[in-house]
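Observations on the model geometry
So you can see what is in the structure, the chains are spelled out below.
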Amino acid sequence: MKDILKNYLEMIQDRLWEISDTLYHHPELGDQEYESSKRLIEFLEEHNFVVEKGIVGRATSFKAVYDSKKVGPTIAYLSEYDALPEVGHGCGHNMIGTMSAGAGVTLSKVVDEIGGRVVVLGTPAEETNGAKVPMSEQGMFDDIDAAMILHPGDESYESGESLAMDAIQFDFRGRTSHAAASPEKGINALDAVIQLFNGINALRQHVTSDVRIHGIIKEGGVAANIVPDKAVAQFYVRAKDRSYLNEVVQKVISIAKGASSMTGAEVHIENYELSYDNMVTNQTLSQLFTANLLSTGVKQVHKAKNSYGSIDMGNVSHVVPAIHPYIGLDSPGLIAHTREFADLTITDNSHQILSKGALALALTGFDLITNKDALEKMKNEFMQAVESKH
């Protein structure tokens with residue numbers, strides 16, 4: 001029956017290439033992906049998926065379901081389609097969204113016979129304010145047995161880890177005054193931000209090596225002869241483990257409060273983007289996918305690489321067995337978030353790679369539905385991971 005899946009994929013692959021190329025030529029930023037989500041939804045509806053739009057309060061999100069009405073597991077493919085400012089689809093989300101939709105449609109062609117359900121979730125704004133976070137929090141994965149997403153990269157890699165991340169804004173408020181004539185009358189909010197940076201730089205020596213803290217001064221005054229009464233800094237704080245990240249964040253917040261005390265500037269602290277949890281790869285699911293990817297003709301899949309980025313798929317991995325592997329564009333050393341990366345996604349070779357990725361995702365879903373032992377092993381591994389956190 002796996003040959004049948006391959007045949008179905010080949011029947012729709014021209015349409016998949018067209019969708020991916022269209023998304024490339026019309027890039028849309030996070031939560032503005034109206035045309036991108038529309039094209040994916042239209043494709044899924046053409047293949048008898050029932051689509052709910054605008055889930056979890058995000059206008060460009062969707063949940064597409066094909067239900068065999070027979071007992072069996074529910075397999076979810078997560079579709080991203082947001083682009084980056086200026087470089088367009090420099091992270092290949094045009095391919096990601098299309099591979100997931102293609103995998104869902106391909107698997108749907110056999111579930112009437114083998115049972116189960118197929119879900120394709122449209123997940124906006126991964127690059128900024130990932131919709132997978134509220135989806136994880138609001139129970140969108142409660143009836144799902146496994147969640148998969150496949151990311152293009154320079155080469156193919158197994159699913160690995162990512163850093164948990166909090167995005168924190170520090171808003172300091174002081175009092176203006178003439179910086180030369182009456183400096184004693186002012187409260188310098190910019191001084192507080194500078195002390196915040198100095199304190200964080202001192203903290204770096206006393207955290208584990210996986211921690212990443214990086215920030216900018218978003219506002220720092222309007223003129224050199226006016227004591228700044230407002231200064232704003234934004235930071236990303238990352239760590240390998242969510243629990244340790246929480247500890248580091250509290251230390252950073254304490255530094256901000258200290259800067260406030262030192263300067264007299266009041267500070268308001270808030271998250272300016274949603275927080276991402278660290279990615280926990282389900283190894284049973286990962287091994288199934290890697291074997292299927294190799295079966296499509298991909299010559300080599302490297303072990304998971306060290307990652308210092310953060311993804312909202314991490315949140316998903318804490319509530320359901322999940323993977324986030326990479327499929328290579330046959331371009332070792334290719335740098336993501338560049339125009340070169342974006343341009344590579346629409347070549348003939350990348351079209352073939354897209355087809356292989358969609359097929360590997362579909363084959364893995366098929367394995368989970370038809371192999372009860374593999375399904376049970378995956379679930380047991382996930383439950384052990386959950387219990388170990390407590």
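Remember, it's a predicted structure, so these values are computed and weren't measured experimentally.

A separate point is the overall build of the chain. For the chain, the helix and strand inventory stands at 11 helices and 12 strands. Against the 2.2 N^0.38 benchmark of 21 Å for 390 residues, the chain shows a C-alpha radius of gyration of 23 Å, consistent with a compact globule. On the principal axes, the C-alpha backbone points of the chain span a range of 80 × 45 × 40 Å. Considering the chain as a whole, with its 390 residues, one finds that 56% of them fall into the buried category. For the chain, the accessible area works out to roughly 16900 Å², and carbon and sulfur atoms hold 48% of it. Charge separation in the chain, taken as the distance between the mean sites of 34 positive and 52 negative side-chain charges, equals 2 Å.

Soluble globular proteins: nonpolar side chains tend toward being buried together. Phe49, Phe62 and Leu107 are the most contacted members of the largest nonpolar core, which has 57 residues in total. Here the element with the most residues in this core is helix H10 (residues 348–370); it accounts for 11 residues. Beyond its immediate sequence surroundings of up to four residues, Phe62 is in contact with Ser37, Leu40, Ile41, Leu44, Val51, Glu52, Lys53, Ile55, Tyr81, Val120, Leu121 and Gly122. Counting 29 residues, the second largest nonpolar core, distinct from the first, contains Ala164, Ala189, Ala233 and Val252.

Further remarks concern the sheet that holds strand E8 (residues 212–219). In space, the four strands of this open sheet follow the order E8-E9-E7-E10, with antiparallel pairing throughout. Strand pairing shows two members of the sheet lacking a second neighbour, E8 and strand E10 (266–271), which therefore form its edges. This sheet shows a mean twist of 20° between the axes of neighbouring strands, independent of strand direction. Bridging between strand E7 (residues 164–173) and E10 involves six bridges; their strand directions are antiparallel. Bridging across to E10, Asp171 finds its partner in His268. The sheet strands contacting helix H5 (residues 189–203) are E7, E8 and strand E9 (230–239), and the helix crosses E9 at an angle near 20°. The sheet contacts of helix H6 (residues 242–263) involve E7, E8, E9 and E10, and relative to E7 the element is tilted by about 10°.

Now for the pattern of salt bridges. Where charged atoms of side chains with opposite charge meet at close range, the side chains can pair. Taken as a whole, this structure holds 14 salt bridges when the rule is applied. Asp171 serves as the salt-bridge partner of Arg173, at 2.8 Å between the closest nitrogen and oxygen. The exposure class assigned to Arg173 is partly exposed, which follows from its relative accessible area of 43%. Taking relative accessible area as the criterion, Asp171 reaches 12% and is therefore assigned buried. Within the structure, one salt-bridge network assembled from shared partners comprises Arg15, Glu18 and Glu46.

Another aspect to go through is the pairing of E9. The buried count for E9 comes to eight of 10 residues, which makes it a mostly enclosed element. With 10 bridges connecting them, E7 and E9 associate as antiparallel partners. In the strand pairing of E9, Ile168 is matched with Phe235.

Turning to H6, a few remarks are in order. The first and last C-alpha atoms of H6 sit 32 Å apart over 22 residues, in line with the 32 Å expected at 1.5 Å per residue. Taken residue by residue, H6 has Arg242, Tyr244, Leu245, Val248, Val249, Val252, Ile253, Ile255, Ala256, Ala259 and Ser260 as its buried positions. Buried-residue contacts for H6 involve E7, H5, E8, E9 and E10. With its phi angle positive at about 85°, Gly264 sits one or two positions after the end of H6.

The end-to-end C-alpha distance of helix H3 (residues 93–114) is 31 Å, a good match for the 32 Å that 22 residues give at a rise of 1.5 Å each. Maximal helix bending in H3 amounts to about 35°, located at Ser108. Among the 22 residues that make up H3, 18 are buried, leaving the element largely enclosed by the rest of the structure.

This brings us to the packing of H3 against H10. Orientation of H3 relative to H10, taken along the N-to-C sense of each, is 40°, at an axis distance of 8 Å. Comparing their axes, H10 and H3 come out oblique. The chirality of how H3 crosses H10 is right-handed. On H10, the residues touching Met95, Thr98, Met99, Ser100, Gly102, Ala103, Thr106, Leu107, Val110, Val111 and Ile114 of H3 are Ser350, Ile353, Leu354, Gly357, Ala358, Leu361, Ala362, Gly365, Phe366, Ile369 and Thr370. Within the contact of H3 with H10, the residues separate by chemical class into 14 nonpolar, eight polar and no charged.

Cut-offs and rules
- Residues numbered from 1 in each chain as written.
- Predicted model: local features only at pLDDT ≥ 70, side-chain atom pairs only at ≥ 80, totals over all residues.
- Heavy atoms only, no water.
- Helix = DSSP H or I, 4+ residues; strand = E, 2+ residues; numbered from the N terminus.
- Rg over C-alpha atoms; globule rule 2.2 N^0.38 Å.
- Buried < 20%, exposed > 50% of the residue type's maximum accessible area, 1.4 Å probe, protein only.
- Areas by Shrake-Rupley, 256 points an atom, 1.4 Å probe, with all protein chains shown as cover.
- Lys, Arg positive; Asp, Glu negative; His and termini not counted.
- Charge placed at Lys NZ, Arg CZ, Asp CG, Glu CD.
- Core = buried A, V, L, I, M, F, W, Y, C linked by side-chain atoms within 4.5 Å.
- Contact = heavy atoms within 4.5 Å.
- Pairing = 2+ DSSP bridges.
- Axes fitted to C-alpha atoms, helices over the stretch in contact; angles between N-to-C directions.
- Salt bridge = Lys/Arg side-chain N within 4 Å of Asp/Glu carboxyl O.
- Expected span 1.5 Å × (residues − 1).
- Bend = angle between axes of the 7 residues up to and from the residue.
- Parallel < 35°, antiparallel > 145°, perpendicular 65-115°, else oblique.
- Left-handed = near helix turned anticlockwise from the far one by under 90°.
- Nonpolar A, V, L, I, M, F, W, Y, C, P; charged D, E, K, R; others polar.

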